[in-house]
Amino acid sequence: MEKNAESIRKIAGMIDHTNLNPCATKKDIEKLCEEAKKYSFASVCVNPSYVPLSASLLKGSSVKVCTVIGFPLGANSADDKAGQAALVVDDGAQEVDMVINLGLVKDGDWDAVTDEIAAVRGAIDEVETPEHVCLKVIIEACYLTDEEIVKCSECSEKAGADFVKTSTGFAIIKGKDGKLLPNGATTHAVEIMRKTVGDRLGVKASGGVHNWEEAVAMVEAGASRIGASAGVEIVG
């Protein structure tokens, strides 16, 4: 994809401009929201405590407020995630990215995986909102086999999610040399997810997308949303 004014607008409209740093300050979030408005990003993705501030700063703009629950490990109970989801939506979140329970995935307990996602979807839907709240399911693909990626995507669709998402961006895997390395989105995972959900759900590539070329590669693999802290660098 050639980088020109039209393609920049297209990619910018797919970006969830992200700051999930545990040390992020109010000033950092204010900067994030200003950048999101300037470049017309799809959303800002912030930790739950910053949802009210972000909602206030972005009121009247086209940029949505996205937040995360069960983050980054996904090991919370289904009730805990559902309760978190209801709270953040009540605070003004328009998009919710939940981390899947990887233990249930590794057990192959697909009914429980589906039920957990459905519980979050149900909790969100019980909150009165002006518009549909988008639910994205983070499957942390680097820990999964191709078959597990397919099954997680199928469970997400069955449970009423709007998107499947590759990664938290916080996952760590052991490299061939034994060193621990951060791991995020890959075009391979995106391709599997897109093939599984077709055009029925969105696919979000998140974690390790640093520049224009990497973002375009994810879109060409099938991503319809990009989660990145480098949004300005990608479109700049």
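Everything here concerns the structure above.
What counts and what doesn't
Residues numbered from 1 in each chain as written. Predicted model: local features only at pLDDT ≥ 70, side-chain atom pairs only at ≥ 80, totals over all residues. Heavy atoms only, no water. Axes fitted to C-alpha atoms, helices over the stretch in contact; angles between N-to-C directions. Helix = DSSP H or I, 4+ residues; strand = E, 2+ residues; numbered from the N terminus. Parallel < 35°, antiparallel > 145°, perpendicular 65-115°, else oblique. Left-handed = near helix turned anticlockwise from the far one by under 90°. Contact = heavy atoms within 4.5 Å. Nonpolar A, V, L, I, M, F, W, Y, C, P; charged D, E, K, R; others polar. Pairing = 2+ DSSP bridges. Polar contact = N/O pair within 3.5 Å; in protein donor to acceptor, adjacent residues only side chain to side chain. Salt bridge = Lys/Arg side-chain N within 4 Å of Asp/Glu carboxyl O. Buried < 20%, exposed > 50% of the residue type's maximum accessible area, 1.4 Å probe, protein only.

*Asks:* Could you give an account of the packing of helix α4 (residues 78-91) against helix α6 (residues 110-125), with specific residues and numbers?
*Replies:* Their axes nearest at 8 Å, the elements α4 and α6 cross at an angle of 25°. By the angle class used here, α4 and α6 are roughly parallel. As for the relative orientation of α4 and α6, their crossing is right-handed in sense. Judged by residue contacts, A78, K81, A82, A85, A86 and V89 of α4 engage E116, A119, V120, A123 and I124 from α6. Looking at the contact of α4 with α6, its residues break down into nine nonpolar, no polar and two charged.

*Asks:* Quick one: what's the story with the sheet that holds strand β10 (residues 225-228), residue by residue and with numbers?
*Replies:* Strand order in the closed barrel formed by eight strands is β1-β2-β3-β4-β5-β6-β9-β10, and the pairing between neighbours is parallel. Direction aside, the axes of adjacent strands within the sheet are offset by 25° on average. Pairing of strand β2 (residues 43-46) with strand β3 (residues 64-69), which is carried by four bridges, proceeds in the parallel orientation. Residue pairing across strands places C45 opposite C66, the latter belonging to β3. Against the sheet, helix α3 (residues 51-58) contacts β2 and β3, and its axis sits at roughly 170° relative to β3.

*Asks:* Residue-level account of the side chain of K81, with values.
*Replies:* Positionally, K81 belongs in helix α4. Separated by 2.9 Å, the side chains of K81 and E116 make a polar contact. Not counting residues within four places of it along the chain, the set of residues in contact with K81 comprises I69, G70, G74, N76, M98, V99, I100, N101, E116 and V120.

*Asks:* Lay out the pattern of salt bridges with the relevant residues and their values.
*Replies:* For the structure shown, the criterion picks out 17 salt bridges. Between K136 and D97 there is a salt bridge, and its shortest N-O distance comes to 2.9 Å. Of this pair, K136 sits in strand β5 (residues 134-138) while D97 is found in strand β4 (residues 95-99), placing the two residues 39 residues apart along the sequence. The residues K136 and D97 share a single accessibility class, namely buried. Look at the salt bridges and you will find they share partners, linking D16, E95, D97, K136, K165, K204 and R225 into a network.

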